Amino acid sequence: MKKIYLTGTLLASVLFFSCSDFLDKTPSTSLPVEEAITSLTDLRNAVNGIGYLLSQDRMTYSADYAIYADLKGEDFKALSVNNQAGPLSRYTITKNDDIPYDAYYYFYKALANVNKALSAVDNITVATDKEAEFNDYKGQLYAWRALLHFDLARMFCNAPTAASDVDAENSGIVLSTEVYDPDHFAARSTLKETYTQILNDFETALPLLSKDINNGHINYWAGLALRARVYLYNGNDALALADANAVIANTNYSLYTLDNYTKVWSQTYTSESLFELTISTTYNAQRNSVGYYCMSEGYGECAFVEGGELLTYLENHPKDVRSELINDEEGTNPGKYPAKYPGRDGNVYVNNPKIIRLSDVYLIAAEAALKTGGDAASYINTLRKNRIADYSDVNTVSLDDILFERRIELYAENSMAFDYWRNKKSITNAFVGEVAYNDYRTILPIPQQEIDIDPTVLIQNPEY
Amino acid sequence: MKRKLMLLLACLFVGIGLVTAQTQKVTGVVTSEEDGLPIVGASILVKGTTVGTITDVDGHFTLSNIPSSAKTLQISYIGMQSQEVAIRSTVKVVLKSDAQMIDEVMVVAYGTAKKTSFTGSASVVKSTEVSSQKESLVKSLQGKVAGIRVGGSTGDPGSDQRITIRGISSISASSQPLYVIDGVAIVNNDVSSSGLKSQSILSSINPDDIESLTVLKDAAAASLYGSRAANGVIIITTKSGKQGKSKVSYNMETGWTEMAVGGQYTPMNATDLKEYYWNAIKNYGVVKGGMSESDAAQYSDENTPSFFWNYDSDINTNWKKEVYGKGFITDHQLAISGGDEKTKFYTGLGYSKTKGLVKGSEFERYSGRVNVDHKAYSWLRFGARQMLSFTNTKGFRDQGDQAQGIGTSSPLSILFSMDPTAVNKLEDGSYNPDAGLNSKVSNPNLMLGQSTGENAETVSSDMIRSISNLEAEITLPYGFSAKTILGYDYINNKELEYWAPGSVDGESLGGLGYRTDYTNKTLTSSSTLNYSGNFGVHNLTALVGYEVEDRNRLFTNMSAKSYSTDKLPELSNGQPYEVGSSTYGASIMSYLGNINYDFDNKYYASASFRRDGSSRLGKNNRWANFWSISGAWRISAESFLANNPLFSDLKLRASYGTNGNLPTEYYANLALYSFSGGYGDESAIYWGSAGNPNLGWEKSNNFNIGLDWNLYDRINLSVEYYNKITTDLLFEVPTSIVTGFSTNWQNLGKLKNDGIELTLSTTNVKMKDFVWTTDLNLTRQNIKIKELPSGSDVMYGDGNMYLLREGESMHSFYLPKWLGVNSQTGLGEFYIDPSLKSRDTEVNGETIVDGNVTNYYSKAGKTVVGKGVPDWMGGITNTFKYKNFDLSFMISFQTGASLFDYPGYFMTYSDGIRLGSFSVSKEVAGNYWKQAGDVVDNPKPIYSNPYRSDRWSSRTIKSTDNIRMRNITLGYKVPVKKYVNNLRLFFKATNPFLIYCATDNIDPDVDINGYRQVDTPQTKSFMFGLNFEL
């Protein structure tokens, strides 16, 4: 009998484990995609997810990309040989390197997330009183899509104003406008198609976006300001001026002043800030944070070029408040560093990158006005009054004046080289000398890993 | 042993009733051949009866009432070969140890098999060989078993080592075998650590507790483990007690270790480095500054000294000895075992400690094991096995994942960051804190081995592992028996990483403390119903079974930054930073069956079947069937070969079958949104994985044919051919980043492994005082890609350095072809299009000289420049015994594989690009271009080199062909008879030297994909020890 009992127990133990859902295991920090975005809160979090993806890693807005055009330009250089952002400054980037790969990876990943979230919006049932909020999230996603395409185009393509042929095959980027299957592999668009896509997305986004201040997010005014920038790159100067003027006319935003200019860099959501990413002690790019590049004891890879035009100007114009943002540092990589990323809460990793701010809009307006025969000087005078003590107005400004003003106002904010090249002007880099607007090195190579999937479909930028 | 007991019991039952009237009486003594001592508790049975007794404490026995019809006595004792002797009034029996018997009966999937009747391909490694490597049982497999390759990653104590059995049958999924201890599959390849530091989960198992290790290679042997057997199976059987006199043994060894290939990683001396730097700056002036040679020389005179601590001195500090010193090993093992007819026990206690070459790296293990077997009734047996081990490792981050980069605070990086013109100690006796070329690196003596203090950067782990194993076996009528095993594998690993506030990595956060806690619980239950029957010449065994495995993992992490002090590393001394926790689960459910038939011990046939379902696969393809068939023919049992000593045994066997492999990821099949992100103070969610609902098993189809031949009872020869084709490869297919993901798990492609294995064991000399035996194994292998998604190449690995191409070997290096240094220009040269295989090009029928050559790396095209897997490999062990001395040495060899010299990229081939951060390898001194006509290996160094000739090319690929002395052991058995069973003293050297190596100053033992890492290299050790047995 005992044997039978025991055999029975064995059999029972067999049956005990035979339950049908034994093989269904689900993760603890993820949900299946179809269950992920079902409410307005989920949608809000998915919009936040875009900011999350673009603030954590290399070549994102809070990291190397914040000083991309500065390092490629002529006012800043890498002092150390840490070879993080340094290769940008030294022009040693190859198609096999991390920098183009990371830029491509994170921006397209964010785009895929935008499209994924947009594909889920129709599943959400929205109460009538939440309609505006819902539309705002949707608008933010479209605005993100425009901005991400634009920044990819700035890195991997020439600006339309400087391109030889905007209709040339493969002169644009690969567009990402829907959710793709894993086997999707697309060719590049033309530059014209790229900018058309960007402008279409702004067109869709703007009517949906809220006009209220929305810290860390794109609102209507930020969308308008970003579109003004895109118009300028695309040679639509009148449209750029109109958008810029609309932003300037809005009273929610005001220029920094002589009094507060040096203080705003350690603050968040300041008066000029149209759109800045929210970076926190928990979510930042660690040692690839822009602040760490801009210090001697950090990577020391973004310091003023000694004897360069910009530093010379700043050092000789003590009445210009912008000259006060120079940190003369001793230590591991001694040199003069921009003081725009001092960190918050004692943490140098924590700086909200200002993706667009009001001064930039004034400068866009000035440039667009100049190019359309308008009064460029008034924008420059307004700006300078808030920067230079005892300033007296000028009557006219040249394009070079405006571009130099951009350098003084927006240094270490990812603008310099873009501005010169899109105006078909050369820059003189500290390591390699003159880089003309049509030099192949003005744009990054498409990462080779991506091309390797099918080199007949995806075409590399020239000379890489 | 079980079978013997069964036999014994069967004899008892059968014997009942065979009592006859006439009786006789026998007295005798039983001794052991090995030491001549009496055997206590040996069983004496009159053949064909139930009459029996056991020997007393002096080994004596007396048997009366023996039926006069009886002619034979059977004498048996656990651990000894049974003997039959004719009945005389006084008998003297000398029992031989059944050491050979282990060869005869081997542990296989879900049971044991007689080697003679086994139709599959399997090799057995004995306990003495396993326990010769104290840190991990994996190390003991090197050079011992045909078809096994042991990789090396880092030489730091306690680090992981990957092995392959019969090549590589997977591209993206695990290529590691399944480990089964006492019938229960255990966790091996799974992540139970943070990955900051390579850590071997297997090192938690004390090699001294292992009785035998069976390596299952083909489908017939492994298919019963179907789902996870594609990479082979290693079955570990732990020691058990033996009936009779209790045994107490104590083994210890201690010794030191050094870098195995001492010539590697030597930086230039001060003079050479100053000259190299000077040249690099001068060339910078010429190449990038457009200066004349003389202007550039002056420019260099002015600028070079600023790189150094004291350029004008003759200080020449040897930093290598400050970074890599000697390591130490201590190992103590105590084991007590014994038992009686009903209960047997084994208990082992072990302590092992290894100090690494680099200060602060350490491995320590305390382990205990209790194995108990109890026969409650004649038909019911219980077994309980419990292992508990505590493993502590200390050290630093390493590059175990082969990701790009070298940590600034890693030992090798520190060594090459040091300035030879800087003194180690300042005048006041303190260490020079500014001795680095790279200002972030202060001094190895201030950075390494510091668990607290200004520069401390450490990773330590504290792992507890418990493996519990309960089994019950019931003997049922009609040849049936049922067995159930319940296994519980518990791993808890607590890690602490600490970066002091002033350290290289900790500085920006004001110090960082990071604690992780991994708990891994695996519950396994397997139940089998076994049948065994003999019908004359027909022998049949069969089993059916059911098995489930449920694995759950909990991971928690927390960190603190902004430390108030560098003296207290615990997290409470900093400010709270990040926390997280997550769980992971995976399960497998299986049905299995197996049938073995033999006819007259001459013809054998066997078949097995297993059906598996796994949670890791997509719902649509979750279940799969695995099976095998096999057969063998024992030719020597045929009458035409009977009694021919040339064929004392001859067996031909063949098998065919399928095995499977699972993804290493838990949820690769699921498309998921991750909810763990954040944006500012708000939550953020993002698309975390693309998933694949059709993800299914990776399947391998195995064919094996083998011949086992024993000649004159002295020579054992096995030759095998295998052919393994893996289809539906679990493949992390590169996808366009535009989809949001750079890879996707799919079942694609085909991989073929084939090879020939030869194993030869000979007894060359066998005399009374002198024995010489030789064991040789030799493997020829081929690992070829057969089919890829749409036939196109796939590049993978760090910087896409590996290529998968149809027809090419697995782990082929795909890099530009380096042509050497142009003796006129001093620049490195590459082919633009390597497929032309010519320096010249032809355009419109006109030859353009050197048209296919470039100095710029970025213009160089890629080609296959080598492979990481060997063609031939093997090992040979010679063992000599002379009187009380024993000597053995093992030599291993391999050809056909290359390594990718990643450290060389930083240290050797840098061509000036790393000026200011690294020094340069000694090999480059006097071997770089200076003037026209120089025929050298290295181009002229240029600071901020625009050509980037330093980047990976065939220049970075080096042959690993080598013959290596792996092991030398010399022992002496102290002739003490009284009280002591065995006392042996020994000296043992592991990896003492390379007999031949195609590449100088490189350790050819690298990971299985041929990647030489920047971590601490492997060691050689010299140990003294003793074995003692009571």
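Look up a bit, the structure's there.
This text gives an overview of the structure that appears in the document. Per chain, the residues get numbers from 1 upward, laid out in the order the sequence is written. Note on labels: chains are lettered from A, ligands numbered from 1, in written order. Thresholds applied to this predicted model are a pLDDT of at least 70 for local features of residues and 80 or more for the giving and counting of side-chain atom pairs; totals over whole chains, interfaces and linings are not thresholded and use all residues.

A few points about the overall build of chain B
Argument step 1. Scanning chain B from N- to C-terminus turns up ten helices and 54 strands.
Argument step 2. Throughout, the radius of gyration refers to the C-alpha atoms, and the reference size of a globule is 2.2 Å times the residue count to the power 0.38. For 1030 residues, the compact-globule formula gives about 31 Å, and the C-alpha radius of gyration of chain B, at 32 Å, lands near that figure.
Argument step 3. When its C-alpha atoms are laid out on the principal axes, chain B stretches across 120 × 70 × 65 Å.
Argument step 4. Here contacts are defined at the residue level, using C-beta atoms placed from the backbone and a cut-off of 7 Å between them. Partitioning the contacts of chain B with sequence separation of at least 6, the portion at a separation of at least 24 is 69%. Numbering of helices and strands starts at the N terminus; helices are DSSP runs of H or I of at least 4 residues and strands are runs of E of at least 2.

Remarks on the overall build of chain A
Argument step 1. Per the secondary structure count, chain A includes 17 helices and nine strands.
Argument step 2. Expected size for 464 residues packed as a compact globule is a radius of gyration near 23 Å; at 25 Å, chain A falls within 12% of this value.
Argument step 3. Overall, chain A is about 110 × 55 × 50 Å in size when its C-alpha atoms are taken along their principal axes.
Argument step 4. Buried, partly exposed and exposed are defined by the number of other C-beta atoms within 10 Å of a residue's own C-beta, namely 20 or more, between the two limits, and 12 or fewer respectively, with C-beta atoms placed from the backbone. Among the 464 residues that make up chain A, the fraction classed as buried is 54%.
Argument step 5. Partitioning the contacts of chain A with sequence separation of at least 6, the portion at a separation of at least 24 is 69%.

Some remarks on helix 6 (residues 98–120) of chain A
Argument step 1. Compared with the 33 Å implied by 1.5 Å per residue over 23 residues, the 32 Å span of helix 6 of chain A between its first and last C-alpha is a close match.
Argument step 2. Burial within helix 6 of chain A is extensive, with 19 of its 23 residues counted as buried. Expected span of a helix, by definition, is 1.5 Å for each gap between consecutive residues, and there is one gap fewer than residues.

Describing the sheet that holds strand 41 (residues 818–821) of chain B
Residues and elements named next belong to chain B.
Argument step 1. Spatial ordering of the open sheet is given by 41-42-45, a layout of three strands whose pairing is antiparallel. If you trace the sheet from one side to the other, it starts and ends with strand 41 and strand 45 (853–854), each paired once.
Argument step 2. With two bridges joining them, strand 42 (residues 828–831) and strand 45 adopt antiparallel strand pairing. Of the residues in strand 45, the one forming a bridge with Tyr831 is Val853. Only when DSSP finds a minimum of two bridges between them are two strands counted as paired.

Quick look at the pairing of strand 18 (residues 327–339) of chain B
Residues and elements named next belong to chain B.
Argument step 1. Of the pairings in the sheet, the one linking strand 17 (residues 244–259) to strand 18 comprises twelve bridges and is antiparallel in character. The residue bridging Met252 from the neighbouring strand is His332, located in strand 18.
Argument step 2. For strand 18 and strand 19 (residues 343–355), the ladder comprises twelve bridges, and the chain directions are antiparallel. Residue pairing for strand 19: Gln333 is matched across the bridge by Gly350.
Argument step 3. Two successive antiparallel strands, strand 18 and strand 19, enclose a turn made up of three residues.

Some details on the interface of chain B and chain A
Argument step 1. At the junction of the two partners, chain B supplies 63 residues and chain A supplies 63 residues.
Argument step 2. Those elements that place two or more of their residues in the side of chain B that touches chain A are strand 23 (480–499), strand 24 (512–535), strand 25 (538–561), strand 26 (575–599), strand 27 (603–614), strand 30 (672–679) and strand 31 (682–689) of chain B.
Argument step 3. When residues are grouped by polarity, Ala, Val, Leu, Ile, Met, Phe, Trp, Tyr, Cys and Pro land in nonpolar, Asp, Glu, Lys and Arg in charged, and all others, Gly among them, in polar. By residue class, the composition of the side of chain B that touches chain A is 26 nonpolar, 31 polar and six charged.
Argument step 4. Note that strand 1 (residues 30–32) of chain A and strand 30 of chain B share three bridges and pair antiparallel. When the sheet's bridge partners are listed, A:Ser30 is paired in strand 30 of chain B with B:Ser674.

Topic: the nonpolar core
Most often, soluble globular proteins have nonpolar side chains that are buried together.
Argument step 1. Core analysis: the largest hydrophobic core is formed by 237 residues, its most contacted members being A:Cys302, A:Ala365 and A:Ala366.
Argument step 2. Among all residues touching A:Ala366, those that are not within four sequence positions of it are A:Ala376, A:Tyr379, A:Ile380, A:Val397 and A:Ile402.
Argument step 3. By convention in this section, buried Ala, Val, Leu, Ile, Met, Phe, Trp, Tyr and Cys residues joined through C-beta atoms within 7 Å make up a nonpolar core. Counting residues in each nonpolar core, the second largest holds 54 residues, with B:Leu137, B:Ile234, B:Ile474 and B:Ile491 among its members.

Describing the sheet that holds strand 38 (residues 794–796) of chain B
Residue and element names in this part refer to chain B.
Argument step 1. Here four strands make up an open sheet; going across it, the order is 38-39-40-46 and the pairing antiparallel. In this open sheet, the two strands that pair with only one neighbour each are strand 38 and strand 46 (862–867). Across the sheet, the mean angle from the axis of one strand to that of its neighbour is 45°, orientation sign disregarded.
Argument step 2. The sheet contact formed by strand 40 (residues 812–816) and strand 46 spans five bridges and is antiparallel. Among the inter-strand pairings, Leu815 is bridged to a residue of strand 46, identified as Thr863. Between N-to-C directions, angles span 0 to 180 degrees; the directions come from axes that are lines fitted to C-alpha atoms, helices contributing only their stretch in contact.

Let's talk about the pairing of strand 17 of chain B
Consecutive side chains of a regular strand alternate in pointing toward one face of the sheet and then the other.
Argument step 1. With eleven bridges joining them, strand 17 of chain B and strand 54 (residues 1019–1029) of chain B adopt antiparallel strand pairing. The residue bridging B:Tyr250 from the neighbouring strand is B:Phe1028, located in strand 54 of chain B.

Let's talk about the packing of helix 3 (residues 40–53) of chain A against helix 7 (residues 131–156) of chain A
Residues and elements named next belong to chain A.
Argument step 1. Orientation of helix 3 relative to helix 7, taken along the N-to-C sense of each, is 25°, at an axis distance of 10 Å. For the element pair helix 3 / helix 7, the angle class is roughly parallel. Classified by chirality, the crossing of helix 7 by helix 3 is left-handed. Contacts between helix 3 and helix 7 pair Leu40, Leu43, Arg44, Val47 and Ile50 from the former with Glu133, Phe134, Tyr137, Gln140, Leu141 and Trp144 from the latter.
Argument step 2. Taken together, the residues of the contact of helix 3 with helix 7 break down into eight nonpolar, one polar and two charged. Comment on the angle field: the value is read as roughly parallel under 35 degrees, roughly antiparallel over 145, roughly perpendicular from 65 to 115, and oblique elsewhere. Left-handed describes a crossing whose near helix is turned anticlockwise from the far helix through less than a right angle; right-handed describes the clockwise counterpart.

Here's the deal with the packing of helix 13 (residues 358–371) of chain A against helix 15 (residues 399–410) of chain A
Helix-helix packing: each pair is described by the crossing angle between the helix axes and the interaxial distance.
Residues and elements named next belong to chain A.
Argument step 1. Here helix 13 crosses helix 15 at 170°, and the two axes come no closer than 10 Å. In terms of orientation, helix 13 and helix 15 fall into the roughly antiparallel class. Facing helix 13, whose interface residues are Ser359, Asp360, Leu363, Ala366, Glu367 and Leu370, helix 15 presents Leu399, Ile402, Glu405, Arg406, Glu409 and Leu410.
Argument step 2. Taken together, the residues that form the contact of helix 13 with helix 15 break down as six nonpolar, one polar and five charged.

Focus: the environment of B:Val423
Residues and elements named next belong to chain B.
Argument step 1. Mapping Val423 onto the fold places it in the loop between helix 8 (411–417) and helix 9 (444–447).
Argument step 2. Judged by the 16 C-beta atoms lying within 10 Å of it, Val423 falls in the partly exposed class.
Argument step 3. Sequence separation between Val423 and Asn316 is 107 residues, and the spatial gap between their C-alpha atoms is 7.8 Å.
Argument step 4. Filtering out sequence-adjacent residues up to four positions away, Val423 remains in contact with Ile315, Thr317 and Asn432.

What to know about unusual backbone geometry
All names here are of chain B.
Argument step 1. The backbone of His811 shows a phi angle near 55°, a positive value even though the residue is not glycine.
Argument step 2. Position of His811 among the secondary structure elements: in the loop between strand 39 (802–804) and strand 40.
Argument step 3. The exposure class of His811 is buried, given the 24 C-beta atoms found within 10 Å.
Argument step 4. In the Ramachandran plot, Asn991 falls in the positive-phi region, its phi being about 55° despite a non-glycine side chain.

Considering the environment of A:Thr92
Argument step 1. Among the structural elements, A:Thr92 can be located in the loop between helix 5 (86–90) and helix 6.
Argument step 2. When the C-alpha positions of A:Thr92 and A:Arg441 are compared, they lie 9.3 Å apart, and in sequence the two are 349 residues distant.
Argument step 3. Ignoring sequence-local partners within four residues, the contact set of A:Thr92 consists of A:Pro87 and B:Arg948.

Side note on the environment of B:Ala280
Residue and element names in this part refer to chain B.
Argument step 1. As for its placement among the helices and strands, Ala280 is situated in helix 5 (residues 270–287).
Argument step 2. Distance from Ala280 to Asp218, taken between C-alpha atoms, is 56 Å for residues 62 residues apart in sequence.
Argument step 3. If near-sequence neighbours (up to four positions away) are discounted, Ala280 is found in contact with Gly912, Leu915, Pro941, Ile942 and Tyr943.

Comments concerning helix 14 (residues 376–385) of chain A
Residues and elements named next belong to chain A.
Argument step 1. Of all the residues in helix 14, the buried ones are Ala376, Tyr379, Ile380, Leu383 and Arg384. Axial view of helix 14: buried residues confined to an arc of 125°, hence all on one face.
Argument step 2. Contact partners of the buried residues in helix 14: helix 13 and helix 15. To be clear, the arc concerns the directions from the helix axis to the C-beta atoms.

What is shown is where atoms sit, not what they do.
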